[in-house]
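# Observations on chain architecture
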Amino acid sequence: MTPRRSRQGAALTLVIALAAIIAGGFFAWRGYNEAPEQFYYSYLVAWLYWGGLSLGSLCLVLLHNLTGGKWGDLIRPILRAAAWVLPLMGLLLLPILLQPEKLYEWAHPSHVEHDPVLQHKAAYLNVGFFQIRAAIYFALWIALLLMLSWQARVSPFPNTAADRRFRRLSGQGLALSGIAITFASIDWVMSLEPHWFSTIFGVIWFGAWGLNALAFANLVAAWTARRMPVLDEYHVDSLHDLGKLMLGFTMFWAYVAFSQFLIIWYGNLPEEVVYYLRRIEGSWQGVALAMALLHFILPFVLLLSVRWKRDPARLAAVSLILLAAEWIAVVWQVEPAVMHGRPSLVPWLDIAITAVMGGVWWIAFMILLPRMSVRVTAGSGEVRHG
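The structure contained in this document is the topic of the report that follows. The shown structure was predicted, so the numbers you read here are calculated from the model rather than taken from an experiment.

With that out of the way, let us pick up the overall build of the chain. In terms of regular secondary structure, the chain is built from 16 helices and 2 strands. Every one of the 386 residues in the chain was classed for burial, and the buried ones make up 49%. Of the roughly 17,500 Å² that the chain leaves accessible, carbon and sulfur atoms contribute 69%.

Structure follows, in structure tokens:
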């Protein structure tokens with residue numbers, strides 16, 4: 001793509017992002033006036049989607065540092081730019097951190113006073129500790145971002161002392177980030193239903209956010225490759241590798257999500273099975289079926305084909321399906337937990353606030369992307385990260 005067309009494409013996407021902010025902001029403002037309580041639920045849905053995209057991107061960069069391979073060379077700048085939006089997402093999480101009583105039952109002293117289960121969990125589920133844990137999570141993630149920035153300045157060659165040091169640090173950082181994501185998903189999502197628990201819940205979110213980040217990076221990379229006059233063998237092979245990795249992540253997410261469902265449904269304990277009963281009754285049954293189709297069945301079938309993995313347009317289409325499916329999955333996990341007897345319909349406010357936050361996220365991403373360069377010598381295995 002020529003520099004002129006690149007600038008035109010960037011300007012167009014920024015205009016679209018601004019339009020999303022204006023339109024979504026208008027409908028979000030109207031929705032807040034009509035249902036201020038629902039506003040916070042929808043805000044959480046939007047944050048989990050876009051914040052998870054940044055967290056998944058950070059984990060994928062760490063994974064590429066640890067394992068190496070050319071699969072990450074094509075999407076590494078995209079992932080790094082998406083990961084660096086995380087400090088902004090930390091600021092956007094403040095409304096939830098500072099007003100948890102808008103969302104969480106355990107944040108109301110009157111509820112805790114009359115609920116033995118909440119009293120038992122009060123040592124962990126309390127406002128002060130909730131905020132401290134969030135600060136610890138973001139301190140860790142920002143430290144990892146600074147480590148990656150340091151690596152970009154040093155630009156180690158393979159098999160050097162610096163490269164081995166960054167690989168070791170990346171492995172440790174990936175493990176710590178996985179633990180942080182596990183506890184963050186418990187704090188921000190599972191505690192919406194404090195009487196319910198699952199030991200595999202954090203793994204599901206870790207896999208979902210990783211898959212979402214990979215689908216986004218594949219979409220951008222495939223779109224860029226599709227606009228090249230001639231797509232060389234190196235880029236085709238890289239897209240093929242990314243398609244295989246996306247298939248693996250899709251299977252992993254489906255495995256852990258179905259494992260949780262199977263164990264809970266087979267156990268048939270009232271305090272556990274209620275989680276799925278809320279999500280398969282009424283109109284939520286159709287949402288659950290759509291999520292199963294779009295998040296696993298359709299991508300799995302399409303990505304089995306070599307042609308779909310090596311064709312930029314087709315790979316972009318599968319990536320779009322997965323991005324839409326992840327948003328549906330976030331809504332499906334959050335909204336039934338907080339509707340409390342209201343009609344089981346996906347609120348349109350979810351779409352409006354997701355559009356607003358997505359526009360802000362996209363503008364930040366487009367500002368950061370030109371600074372995240374990568375120079376690859378095809379066939380030599382030599383990579384310099386900028």
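In this model helix H15 (residues 312–338) runs 40 Å from its N-terminal to its C-terminal C-alpha over 27 residues, within 8% of the 39 Å that 1.5 Å per residue would give. The buried count for H15 comes to 21 of 27 residues, which makes it a mostly enclosed element. One side-chain oxygen of the residue at the start of H15 lies 3.1 Å from the amide nitrogen of Ala-313, identifying that residue as Asp-311.

Another point: the pattern of salt bridges. Per the stated rule, a full pass over the model turns up 6 salt bridges. Glu-193 is the salt-bridge partner of Arg-278, the closest N and O atoms lying 2.6 Å from each other. Of this pair, Arg-278 sits in helix H12 (residues 270–280) while Glu-193 sits in the loop between helix H9 (161–188) and helix H10 (201–226), placing them 85 residues apart in sequence. Residue class for Arg-278 comes out partly exposed when judged on its relative accessible area of 36%. A salt bridge links Lys-244 to Asp-241; its shortest N-O distance comes to 3.6 Å. Taken together, the residues Lys-244 and Asp-241, both in helix H11 (residues 233–267) and 3 residues apart, mark about one turn of the helix.

Mapped onto the fold, Pro-347 is located in the loop between H15 and helix H16 (348–368). Judged by its relative accessible area of 14%, Pro-347 falls in the buried class. Taking the C-alpha atoms as reference points, Pro-347 and Glu-335, 12 residues apart in sequence, are found 8.5 Å from one another. Residues contacting Pro-347, with those up to four places away along its chain left out, are Gln-38, Glu-335 and Met-339.

Looking now at the nonpolar core. Here is a general trend for soluble globular proteins: nonpolar side chains tend to be buried in one another's company. Core analysis: the biggest nonpolar cluster contains 117 residues, and Tyr-104, Trp-141 and Trp-188 have the highest contact counts within it. Per element, the largest residue contribution to this core is 18 residues, and it comes from helix H2 (residues 36–67). If we skip the residues at most four places from it in the chain, Tyr-104 touches Leu-44, Ile-96, Phe-130, Asp-187, Trp-188, Ser-191 and Leu-192.

Analysis parameters
Residues numbered from 1 in each chain as written. Predicted model: local features only at pLDDT ≥ 70, side-chain atom pairs only at ≥ 80, totals over all residues. Heavy atoms only, no water. Helix = DSSP H or I, 4+ residues; strand = E, 2+ residues; numbered from the N terminus. Buried < 20%, exposed > 50% of the residue type's maximum accessible area, 1.4 Å probe, protein only. Areas by Shrake-Rupley, 256 points an atom, 1.4 Å probe, with all protein chains shown as cover. Expected span 1.5 Å × (residues − 1). Polar contact = N/O pair within 3.5 Å; in protein donor to acceptor, adjacent residues only side chain to side chain. Salt bridge = Lys/Arg side-chain N within 4 Å of Asp/Glu carboxyl O. Contact = heavy atoms within 4.5 Å. Core = buried A, V, L, I, M, F, W, Y, C linked by side-chain atoms within 4.5 Å.

Remember that the coordinates give geometry; whether it matters functionally is a separate question.
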